[in-house]
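# Overview (structure and organization)
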Amino acid sequence: CRQPSVLWLGPAMFMQWLCFIGPSAFMQQEAKRYYGLDASLAYTGALSVRGIVSLMISPWLGAVSDKHGRKHLQAWKVFAQLLPLVALCFDAPDSPFRGHLAFSLLALSGIGGNAFGLQFAYCADIVLRDARLSLNATIASSLAVSFTPAFIIGPILCNAVVQHLGELVMWRALVVVGLVN
């Protein structure tokens, strides 16, 4: 049995991290714009709720993916991750509704579940039991390799786009990257 290629995983995870980590400083700025001194509390609170929602929904998503397949739920994960970015794509930066919607959707984006469970489960489905350890090690390496540059390049790239093209272009570009992913 030939081990399937996981070369797609590195770029896919890089784009996922780029959409999540890249705009984090701008999300904090959005929080400050809408919530003033409570910005860090609003951002941390939304991320905490996101984590709790993800923790609660992941077993259900696992059961659904066992029954209906894993590939379709990958699209669900991308949809969930893009929720807060889509809210910020509208040109109304001074609207409190935009900020409240973005942070509510950030909290709800946990409906996508665990960040990596589906990738590991999908690969486990298509590889014989004896080859899974090697494949899982390769996947874990791909995740680590994609995380590091996204963590460094993402904020720099987002800042460059904002400086040269504007914040609205950055939010829209991130949605496009997520959809391409």
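Structure: see above.
Everything in this summary refers to the structure shown in the same document. (Residues numbered from 1 in each chain as written. Predicted model: local features only at pLDDT ≥ 70, side-chain atom pairs only at ≥ 80, totals over all residues. Heavy atoms only, no water.)

## Some words on the side chain of S109
Selection rule: Helix and strand assignments come from DSSP, with helices taken as H or I runs of at least 4 residues and strands as E runs of at least 2, each series counted from the N terminus. Only protein chains enter the accessibility calculation, which uses a 1.4 Å probe; a residue is then buried when its area is under 20% of its type maximum, exposed when over 50%, and partly exposed in between. Polar contact is defined as a pair of N or O atoms within 3.5 Å, subject to the rule that within protein one atom must be able to donate a hydrogen and the other to accept it, and that residues adjacent in sequence are counted only when both atoms are side-chain atoms. Note on contacts: a residue pair is in contact if any heavy atoms of the two residues lie within 4.5 Å.
Following the sequence through the fold, S109 ends up in the loop between α5 (96-108) and α6 (117-126). Look at S109 and you get buried, because its relative accessible area is 4%. In terms of polar contacts, S109 uses its side chain to reach the side chain of R50, at 2.7 Å. With near-sequence residues (within four places) excluded, S109 lies in contact with R50, A80, L83 and P84.

## Describing the nonpolar core
In plain terms, the rule: The definition of a nonpolar core used throughout is a set of buried Ala, Val, Leu, Ile, Met, Phe, Trp, Tyr and Cys residues joined through side-chain atoms within 4.5 Å.
With 30 residues, the main nonpolar core has M27, L85, F103, M170, W171 and L174 as its most contacted residues. Mapped onto this core, the elements with two or more residues apiece are α1 (9-21), α2 (24-35), α3 (39-68), α4 (71-87), α5, α7 (132-165) and α8 (167-180). If one sorts the elements of this core by residue count, α4 sits on top with six residues. Those residues in contact with F103, other than ones at most four positions away along the chain, are M27, E30, A31, Y35, A42, Y43 and A46. Counting residues in hydrophobic clusters, the runner-up holds eight residues, among them M13, I21, V127 and I139.

## With respect to α3
Note the cut-off: Helix span, as expected, comes to 1.5 Å for every residue beyond the first. A residue's bend is the angle separating two fitted axes: one through the seven residues that end there, the other through the seven that start there.
The first and last C-alpha atoms of α3 sit 40 Å apart over 30 residues, in line with the 44 Å expected at 1.5 Å per residue. Bending of α3 peaks at approximately 40° at the position of I57, with proline P59 no more than four residues after it. Among the residues of α3, A39, Y43, A46, S54, I57, L61 and S65 are the ones counted as buried. Backbone geometry just downstream of α3 places G69 in the positive-phi region, at approximately 105°.

## Looking at the packing of α2 against α8
To be explicit about the condition: As a rule, the C-alpha atoms of each element are fitted with a line to give its axis, helices using only the stretch in contact, and angles between N-to-C directions run from 0 to 180 degrees. Note on terminology: angles under 35 degrees are roughly parallel, angles over 145 are roughly antiparallel, angles of 65 to 115 are roughly perpendicular, and the others are oblique. The handedness criterion is simple: a crossing whose near helix is rotated anticlockwise from the far helix by less than a right angle is left-handed, and one whose near helix is rotated clockwise is right-handed. Only Asp, Glu, Lys and Arg are considered charged in this grouping, and only Ala, Val, Leu, Ile, Met, Phe, Trp, Tyr, Cys and Pro are considered nonpolar; every other residue, Gly among them, is considered polar.
At a closest axis distance of 12 Å, the pairing of α2 and α8 adopts a crossing angle of 125°. As summarised for this structure, α2 and α8 are arranged oblique, according to the angle between their axes. The interaxial crossing formed by α2 with α8 has left-handed handedness. The residues of α8 that touch α2, namely those facing F26, M27, E30 and R33, are E167, M170 and W171. Class assignment of the residues belonging to the contact of α2 with α8 gives a composition of four nonpolar, no polar and three charged.

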